[in-house]
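One-letter residues, chain by chain:
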Amino acid sequence: MGGVVAFLFYGSILFCLIGSSIKITGFIKTPLHLKWEYYKGSSVYESIDWWTRAPTGFREKVVTALVDIIFLREYYRRNPQYWFFLYLFHLGIYLLILWHIWLFAASVLPDPEGTRGYGLAWGHGATILACIGTLGILILRITDRELRLYYAPLHYIKWVLMMITLAGGFYAVHVYFGGSIPAVLKYVRAQVTFSDTAQKFHPPPATAAHVLLGSVWLVYLPFSHILRLFFRYYHGLRFDEVPNVPGGIIEKRVKELLGKPVTWAGPHIRSGKSWRETATGLPDEEGKGKAG
Amino acid sequence: MGKKKPGIRDFGRNGKSELVHISQKDLMPLPDIPGEDTESDPIRSLTDRQKATYEHSLDGVSAVAVPCPKDEEEEKRLIKSFLEGLKKLLSREDNWMFLQQLQQTLDCCIKCQVCSDACAIYVASGRQEIYRPMFRSEVVRRIVNKYLKKGGRLFAKLRGNDIELNWTTIARLAELAYRCTMCRRCAAWCPMGSDSGLITHELRKLFSQEMGIAPKELHEAGSMRHLRVGASTGISPKAFGDIIAFMEEEIEEKTGKKIKIPVDKKGAEILLIHNSGEYLSWIENPAAFAVIFEEAGLNWTLSSELYGYEATNYGVWYDDVQFGRVALRQIEVAKKLEAKKIVIGECGHATKGLVILADRMLTGDFNFPRESALPLLENIVCTNRIRLDPRKNDFPVTLHDPCNIVRLMGIIEPQRKILHMICPRFREMEPHGVDNYCCGGGSGFAIMSHMNFSDWKLTIAGRIKVKQILDAFKDVRDPSVKKYVCAPCSNCKAQLRDLLAFYNLQETHGISYGGLAELIANAMVDLKKPFIEW
Ligand code: SF4
Ligand code: SF4
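Remember, it's a predicted structure, so these values are computed and weren't measured experimentally.

Comments concerning the overall build of chain A
When helices and strands are tallied, chain A shows 14 helices and zero strands. When its helices and strands are written in sequence order, chain A yields α-α-α-α-α-α-α-α-α-α-α-α-α-α. Going through the 292 residues of chain A one by one, you find that 46% of them count as buried. Pairs at least 24 residues apart make up 65% of the contacts formed inside chain A by residues separated by at least 6 positions. If you sum the accessible surface of chain A, you get close to 14,600 Å²; carbon and sulfur atoms cover 72% of it.

What to know about the site of ligand 2
If you check the shell around ligand 2, you find C119(B), I121(B), P133(B), R136(B), C180(B), T181(B), M182(B), C183(B), R184(B), C186(B) and G197(B) and nothing else. In terms of residue class, the shell around ligand 2 is made up of seven nonpolar, two polar and two charged.

With respect to the site of ligand 1
All residues adjacent to ligand 1 are C109(B), I110(B), K111(B), C112(B), Q113(B), V114(B), C115(B), M134(B), C190(B), P191(B), M192(B) and S194(B). Its residues assigned to classes, the shell around ligand 1 comprises nine nonpolar, two polar and one charged.

With respect to the domain arrangement of chain B
Residues and elements named next belong to chain B. We note that the domain assignment places domain 1 (13-211), domain 2 (231-378) and domain 3 (388-522) within chain B. Every contact between the two is made by 24 residues of domain 2 and, on the other side, 27 residues of domain 3. When the two sides are added together, the surface that domain 2 and domain 3 hide from each other amounts to roughly 2,100 Å², 68% of it contributed by carbon and sulfur. Its largest share of buried area at the contact with domain 3, domain 2 owes to W282, W317 and L374, together 30% of the area lost on that side.

A few points about a nonpolar patch on the surface
On the surface, Y10(A), I13(A), L14(A), L17(A), I18(A) and I22(A) cluster together into a nonpolar patch covering about 560 Å² of accessible area. Owing to a relative accessible area of 52%, L14(A) belongs among the exposed residues under this scheme.

Some words on helix α16 (residues 373-382) of chain B
Residues and elements named next belong to chain B. The element α16 is extensively covered by neighbouring structure, given that eight of its ten residues are classed as buried. Turning to α16, its buried residues number three or more, namely A373, L374, P375, L376, L377, E378, I380 and V381. The inward-facing, buried residues of α16 abut β1 (270-273), α12 (284-296), β3 (341-344), β4 (370-372), α17 (413-422) and α22 (516-522). Among the residues of α16, the N-terminal cap falls to S372, whose side-chain oxygen and the backbone nitrogen of L374 are separated by 3.0 Å. N384 lies just past α16 and shows a positive phi near 55 degrees.

Side note on the packing of aromatic side chains
For the structure shown, the criterion picks out 33 aromatic pairs over all chains. On the numbers, 4.8 Å between centres and 70 degrees between planes, the contact of Y45(A) with W50(A) is edge-to-face. Judged by relative accessible area, Y45(A) falls into the buried class, the value being 2%. Measuring from ring centre to ring centre gives 4.9 Å for F502(B) and Y503(B), while their planes differ by 80 degrees; the resulting arrangement is edge-to-face. Among the aromatic residues, those joined into a ring-pair cluster are Y39(A), Y45(A), W50(A) and W51(A). Between the NZ or CZ atom of R78(A) and the centre of the ring of W189(B), over which it lies, the distance is 3.6 Å. The ring of Y437(B) has R185(B) lying over it, and the distance from NZ or CZ to the ring centre is 3.9 Å.

Here is what the cut-offs are and how they apply
Residues numbered from 1 in each chain as written. Chains lettered and ligands numbered in written order. Predicted model: local features only at pLDDT ≥ 70, side-chain atom pairs only at ≥ 80, totals over all residues. Heavy atoms only, no water. Helix = DSSP H or I, 4+ residues; strand = E, 2+ residues; numbered from the N terminus. Buried < 20%, exposed > 50% of the residue type's maximum accessible area, 1.4 Å probe, protein only. Contact = heavy atoms within 4.5 Å. Areas by Shrake-Rupley, 256 points an atom, 1.4 Å probe, with all protein chains shown as cover. Near = heavy atom within 4 Å. Nonpolar A, V, L, I, M, F, W, Y, C, P; charged D, E, K, R; others polar. Domains from an automatic or database assignment. Buried area = accessible area lost by both parts, 1.4 Å probe. Patch = residues over 30% accessible without salt bridge, like charges linked within 9 Å, V, L, I, M, F, W, Y side chains within 5 Å. Salt bridge = Lys/Arg side-chain N within 4 Å of Asp/Glu carboxyl O. Polar contact = N/O pair within 3.5 Å; in protein donor to acceptor, adjacent residues only side chain to side chain. Phe/Tyr/Trp six-rings, centres within 6.5 Å; stacked < 30°, edge-to-face > 60°. Lys NZ or Arg CZ within 6 Å of the ring centre and 35° of its normal.

Take a look at the structure:
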């Protein structure tokens, strides 16, 4: 049993890393797309000879994206009630992720006693925030008709699983380790240094359950929308003002893409030719799809 | 509303009957419009013959005139063709242009319904489920997940992928792709970067590029005619010459100025291209441009070459191939004329199409400088390059923001700066700027009026705009006070023309409409007569 837990846990980390890398590589390799942005304020196109103006700076793009992602700004503007729980959940999860990273870092520090107070408050506080968020979301998703619509049954199961995972973590720390951060750190240290294989292969049930649930989430991550969100063409949607200049990198990519074959079967398109040839040709020349 | 709302699961069922029937009492109320409280249906029923010939099971409206399949064999063939097209939408070769946005939209909807309230059509229709922005996306998402992804049918219900792909689903989707103006207000509201307007665009492409299904006004009488004759309005180069001569006479008669409009002038700074509909329906707009440009001493020209006098590009709305074909030809004209840049007149989709969408299709010397006319007009007005007297525009004016120019290009201030300078009684509509509502004529609707579609676009798609206009002028209800809705876009103007007529707003409220250049020309100090004729 213990071996299985260890195998699943490390396997899930590996799976998550490999799966995410494959996904992210896929996103990055998606061909250049046509410009299709929307604006929330004035753009360079308000200038005469706009192509001579500098597009929005990198810093501004990053700040906007971060504010949107960290504070979920659009939800706040559009549905404050839902935002409240969503935000608590996200805040809790962000803090918990940081807490776990801290656990690993602090476990190898020499003085675990010094972290006793704030370590516990941090972990429990984050868990409580995430729990309130999860519960709130779940309740709204059940009671609010708009939020219930089209929401797949599987997603409800996910939220319940999230609740169990959070509660399991709380239980492990609070009950199994007696709320002692030094004890948690000692356990984590044994894990990361691979020093106590006996414990690894015979884990206590509370930690085993929590670790297993964590593994489920790690396996799920590459399949979720979360990765795509971070790699969304966000900057493309909001600030795609970079002009395609002659001789530039965009032009080079466009040239390649125009060489790709068109296989659309509509009567006004002769498939098999490249995009370049298709656009240069006329439908009538192709003897098909005469206009009415 | 009491009645059961059809859900996605009903989408492929009962193909013989309409999924929804819209009655007057469903619609968002328009209390200021007389006769709006009638019991009669807002949308005329199709005739029995039309019903027997065309698919109409979505909402009883036929925008696309999809022929009913003759037999089961044909249905099967169409379903296969649809799935083929869907695969192509998701392919790196066939849809590199929009693949990334499409994948983002398909993957990232969390069903928060934030986008629903953003949609003018959904809200104005009395929140008909089928018009919900994400409804359309969700149908497509489910079909992709269930029918194109490995293991998609496993636990389909549990994973929220329960949908039946049959001819009814496809026929309804074809119509549903024409119940959205692609204003992308929903996309701008979506916190996840999911874009239901894009789904409309992609669906229309699938139907046109793979199945040869598209509204006649956009395809046969639109982009195909454009490629054949030179303009989607059917104006030939010869007819264009006659129109210019007529325009010169008009200008002289109106302004007392004898202007020789530059046509096909080689090496001009600016090649100005208008939506050719302006020449047929609102010749005062290109005339105003001519007067303003001449007065400002610009080095400009029009073109009478095939494709050189037509800015529209209907492909923007439904077909990437047609779009590319037209864009290349427009650039070719500018190159031949050795102009320095193309400036596009007051036409939203044409501006967005050529300036933005075409950007990543053009390489080498086809990558020709292109911009909207609005910054140029702003420069002329705000740096006093021509003499203007705002008192000549002493009537209430409001501004309609064309989605393509404002939300989708970020050109927000130039038109406002101009109006603040020259219209002392300018007032904004609410909401405005990037939060504007579409006029209801976007994505080709302004020129589509087949069968009973015009009823739909006037009573539902344009409904919120009517309310906004009435609200903007609510302090001056008196119909004897002339009011002006400024719409710097040909398609918006076409829709406004039809809306004002349909709701009788000119007679009952004294509301007219027109472009931006006309207001500038009207304020010019040395004109014989007022430029704007009410
Ligand atoms: S499209 Fe966006 S706003 Fe609309 S339901 Fe989906 S995630 Fe929410
Ligand atoms: S693009 Fe506009 S019309 Fe279409 S669904 Fe979105 S908000 Fe509605």
